[in-house]
There are 2 protein chains.
Amino acid sequence: MNNHLVIMAGGVGSRFWPMSTQDRPKQFIDVLGCGRTLLQLTYDRFRGMMADENIWVVTSEKYGDIVAEQLPMVPRKNILLEPCRRNTAPCIAYVSWRIKAQDPRANMVVTPSDHIVMNVPEFQRVIKSSLKLTRENDAIVTLGMKPNRPETGYGYIEADLSSPSIRNKEIFRVFSFREKPDFATATRYIQQDNYFWNAGIFIWNVGTIVNAFRVYQPEISDPFESLLPYYGTDSEQERVNKVYEKMKSISVDYAILENAEEIFVHPADFGWSDLGTWGSLHDNSKRDLYNNVLIGDNIKTYETWNTIVHCTEEKKVVVQGLDGYIVAEKDDTLLICKLAEEQRIRNFSED
Amino acid sequence: MNNHLVIMAGGVGSRFWPMSTQDRPKQFIDVLGCGRTLLQLTYDRFRGMMADENIWVVTSEKYGDIVAEQLPMVPRKNILLEPCRRNTAPCIAYVSWRIKAQDPRANMVVTPSDHIVMNVPEFQRVIKSSLKLTRENDAIVTLGMKPNRPETGYGYIEADLSSPSIRNKEIFRVFSFREKPDFATATRYIQQDNYFWNAGIFIWNVGTIVNAFRVYQPEISDPFESLLPYYGTDSEQERVNKVYEKMKSISVDYAILENAEEIFVHPADFGWSDLGTWGSLHDNSKRDLYNNVLIGDNIKTYETWNTIVHCTEEKKVVVQGLDGYIVAEKDDTLLICKLAEEQRIRNFSED
């Protein structure tokens, strides 16, 4: 009854331009072509675990209407709007104080809105296992994905496998968080069995995280504490806006996790991807016999391999003779680019 | 005063799909990105040679409004509508009888609407030179383009250079018309100096062509002759429609030119192309330093060579890493195809 879900949906997804744009970033798009947006898929994978009135979405003020449209079952008052981007720490602090004002016994899951999970039953098992620990304990639990390649695009969690939690043998103390490594370092990490990808999914009870902010980030906690009389009132938004303007921009990893005691990791293996690149979308999508990912209702290919075509449903697309490309079409923009050059897409979109 | 221009604008341009579609074929499109459609460029290159009321366009009934919109100076009654496609012979017969009914002394130029000419002053000189001959003589004059490559996509005209017209030393008798040759034959043709590309541009006086139809194609001439009382009346269209339905489909080359006496060719060299292929569009358009043709207002390329991008003005396009491709976008369709495979585009559009 006290389980709450927080979905962070404020990202801009610039690496997926032009599919993802400032007006409608990746989490609001049916990236996989399955009929559900990434935000909706995120909601779906928690089905049955929380009441809809305990589901919270934190997003930019300009995406509030999109969230309400895509998740109509989430109460409008649970869609919290950020007036500006301040990274994950202020976002999590805001929603934590907001939830605490209403339910001081809340047990929370915090998740990004633009990742995918293949094995949802296993995901739910891991979340439940973590929530069970945090219901009664002051633990900060992160999910650690079992790595299957020396990925340099993720942060890593170094676990102390000799030190499982007394109450949950699947959950271990964290030795350290490691930033995105170079290839050699990543290769070394994955040869050991106690390094995990940091998926940015956190489980804690509201008292634990609020206290952690009070201890490690008083600059962040004080303003949100001072707003306690106003949460849920008509002046909440206006007052939150003022607080946000002055807030520093910092990730929860830097602000809390790297400082706090009682940090745990729940190793897990449920087919996770942050879909951070076109390449990862390619890897995680249904492919045809020629290793193409074709997302769109009317795409024909000839002599085409290892290519992603992503377009709006109304578009007829014929592609001949491409190998290893991204073809992405959205509204008034068309991108054709080698998959191997996708890290330049952000620059293309700025040009 | 008796000069008339006939523009044949009934083609469907299927090789330029998706830029060219059944709803708006290539002649009605600004293919070159110069601000004028191919039909308008055709009109432009005859400027000053005929009065607007002597300009005739024969097209499909479904393109009548497009012609009227693109050539508002041409009287609407001069836009003749074909109810179905019957190749060039019935088209030319219809407009010839129609013109004869109004101006029995008409001297005519017949031209396709989807070709381009680079050197317009030279073009005008050649047309005037030909019209001068046909004004007083029963000659059928074709324009023969000086070939610069062993093109297998054109028909050839074999001229008798020893036999210039008595009245115009630039115009010669035709030995024979040759269908599109294979490569070896085309190579042999261009090594001789009396083979020319058949550009499908004809000059004759109306009496000559009407008589030729009477002699060689009574099946075609009889119906149009029988409509003489109705040209220019309210019942013209209805009666023409009935005639057309039963008409055989045949080109003027087969129906008349290969049979008639007094066939002449005016060799010419004014930078002509029938723009029959994307390759010819590439060859005849303004190219950037990397040999790309970029038609559209907002196209950025990176590491891209020998490529044509043709898109609507509103579209932003980013292309990276293509060499030798066609990228064409129109309304609800996108084509990406190797230039070398462009002969398959017609099939793609049918698939």
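See the structure shown above.
Residues numbered from 1 in each chain as written. Chains lettered and ligands numbered in written order. Predicted model: local features only at pLDDT ≥ 70, side-chain atom pairs only at ≥ 80, totals over all residues. Heavy atoms only, no water.

What about unusual backbone geometry?
Residues and elements named next belong to chain A.
1) Next: In this chain, Trp17 is followed by Pro18 through a cis amide linkage whose omega measures 5°.
2) Next: Position of Pro18 among the secondary structure elements: in the loop between strand 1 (3-8) and helix 1 (38-44).
3) Next: Phi at Glu303 takes a positive value of approximately 45°, unusual for a residue other than glycine.
4) Next: Its location among the elements puts Glu303 in the loop between strand 13 (298-302) and strand 14 (308-310).
5) Next: Residue Glu303 is classed as partly exposed on the basis of its relative accessible area, which comes to 35%. (Helix = DSSP H or I, 4+ residues; strand = E, 2+ residues; numbered from the N terminus. Buried < 20%, exposed > 50% of the residue type's maximum accessible area, 1.4 Å probe, protein only.)

Side note on the pattern of salt bridges
1) Next: Scanning the model with the defined rule gives 34 salt bridges over all chains in all.
2) Next: For the salt bridge of Glu329(A) with Lys315(B), the shortest nitrogen-to-oxygen distance reads 3.2 Å. With Glu329(A) in strand 16 (residues 325-330) and Lys315(B) in the loop between strand 14 (308-310) and strand 15 (316-320), the pair connects residues from two separate chains. For the pair Glu329(A) and Lys315(B), one class covers both residues: buried.
3) Next: Close ionic contact of Arg36(B) with Asp44(B) constitutes a salt bridge, the shortest N to O distance being 2.7 Å.
4) Next: Residue classification places Arg36(B) among the partly exposed positions, given a relative accessible area of 26%.
5) Next: Shared partners join several salt bridges into a network, and the residues in it are Arg36(A), Asp44(A) and Arg47(A). (Salt bridge = Lys/Arg side-chain N within 4 Å of Asp/Glu carboxyl O.)

Examining the sheet that holds strand 17 (residues 333-338) of chain A
1) Next: Spatial ordering of the open sheet is given by 12(A)-14(A)-16(A)-17(A)-15(B)-13(B), a layout of six strands whose pairing is mixed. At either margin of the open sheet sits one strand with a lone partner, and together these are strand 12 (293-295) of chain A together with strand 13 (299-302) of chain B. Direction aside, neighbouring strands of the sheet carry axes that sit 5° apart on average.
2) Next: Both strand 16 of chain A and strand 17 of chain A contribute to a ladder of six bridges, which runs antiparallel. What sits directly across from Glu329(A), in strand 17 of chain A, is Leu334(A). (Pairing = 2+ DSSP bridges. Axes fitted to C-alpha atoms, helices over the stretch in contact; angles between N-to-C directions.)

Some words on the state of the cysteines
All names here are of chain B.
1) Next: Considering all chains together, one arrives at zero disulfides over all chains under this definition.
2) Next: Looking at the unpaired Cys84, the closest cysteine sulfur is the one in Cys91, lying at 12 Å.
3) Next: You can see Cys337 has no disulfide; the closest cysteine sulfur is in Cys311, sitting 17 Å from it. (Disulfide = S-S within 2.5 Å.)

As far as function goes, none of this settles anything; it's purely spatial.
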